[in-house]
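Chain by chain, the residues:
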Amino acid sequence: MTFNGPHSASQGRTMPTESPATSFDAAATSAKTTSANFLLRPLVDLDIALSLWIHEACLPTPRWLLKVLEISGDGRFWFPIPISLYCFSSRSSILLGLILGSLLDVLLVGLIKHLVRRPRPVYNKGMRLTFAVDHWSFPSGHSSRVFFIASFLSNCADPFRVALDSHRWVHGYFGGEPGDLFLMFVCVWVWSATTSASRVLLGRHFVLDVIAGACLGVFEALLVFHIMKF
């Protein structure tokens, strides 16, 4: 008796077989992925819950204020500033470092967003995307940018003071003494922290996105500072 089923249709043909090594590699990769998801899932769930709680708890915060902070850390706002100052004034190495760091930040943030592909919070409303990767949430580009600026300027305190002293109208306000710049650096760090926090309050990002972005920005500042050799 002949069985006219799926098996008979494949008679006379050689079925592809996987080698033991290929099967083992596939099983190992699957096990690693499952283990990683098992370890990260509680952290991700906690991050989502905490971010939503912060967002809802801070809803009374004036939205216009959060939008001002959002614009103040936008790359479309920050890129033209150091480029214009560098082209039309004294070509300071600090300005060059800010430009190089900003370019590095765009590349790293875009690459990580493309690789991780974490969706933004579902309650994120009214956001305009500049690039395709802006659709993704991890890490926060605003956080990496503002923390890069704050960290880089803090590392460049001495050359920054020299650069300010070369401009008489600025020298009249700051005087060139170490204590004269302290308040300015404090303001820059407060701005970077509040701008990063506004990303969660606006619903643009999760808490871990902001933390990762801040760490990335500090790393970029240290790297550029080392490369520039101030």
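A brief report on the enclosed structure follows. Here the structure is a predicted model, which means the values were calculated and not measured. (Residues numbered from 1 in each chain as written. Predicted model: local features only at pLDDT ≥ 70, side-chain atom pairs only at ≥ 80, totals over all residues. Heavy atoms only, no water.)

This paragraph deals with the overall build of the protein. A tally of helices and strands in the protein yields 11 helices and zero strands. Its helices and strands taken in sequence order, the protein reads α-α-α-α-α-α-α-α-α-α-α from the N to the C terminus. The proportion of buried residues among the 230 residues of the protein is 36%. Across the protein, the fraction of contacts at a sequence separation of at least 24, relative to all contacts at a separation of at least 6, is 77%. When the accessible surface of the protein is split by element, carbon and sulfur atoms take 71% of a total near 14,400 Å². (Helix = DSSP H or I, 4+ residues; strand = E, 2+ residues; numbered from the N terminus. Buried < 20%, exposed > 50% of the residue type's maximum accessible area, 1.4 Å probe, protein only. Contact = heavy atoms within 4.5 Å. Areas by Shrake-Rupley, 256 points an atom, 1.4 Å probe, with all protein chains shown as cover.)

Here the focus is the packing of aromatic side chains. In the structure shown here, the tally under the stated rule is three aromatic pairs. Considering the side-chain rings of tryptophan 78 and tryptophan 191, the 5.6 Å spacing of their centres and the 50° angle between planes classify their relative orientation as tilted. Residue tryptophan 78 is found in helix α4 (residues 75-78), and its partner tryptophan 191 is found in helix α10 (residues 178-201); the two are separated by 113 residues along the sequence. Under the relative-accessibility criterion, tryptophan 191 is labelled buried at 18%. On the basis of an interplanar angle of 20° and a centroid distance of 5.6 Å, the ring pair of phenylalanine 148 and phenylalanine 152 is categorised as stacked. With a gap of four residues between them, phenylalanine 148 and phenylalanine 152 both fall in helix α7 (residues 141-155), about one helical turn apart. For the pair formed by phenylalanine 148 and phenylalanine 152, the shared burial category is buried. (Phe/Tyr/Trp six-rings, centres within 6.5 Å; stacked < 30°, edge-to-face > 60°.)

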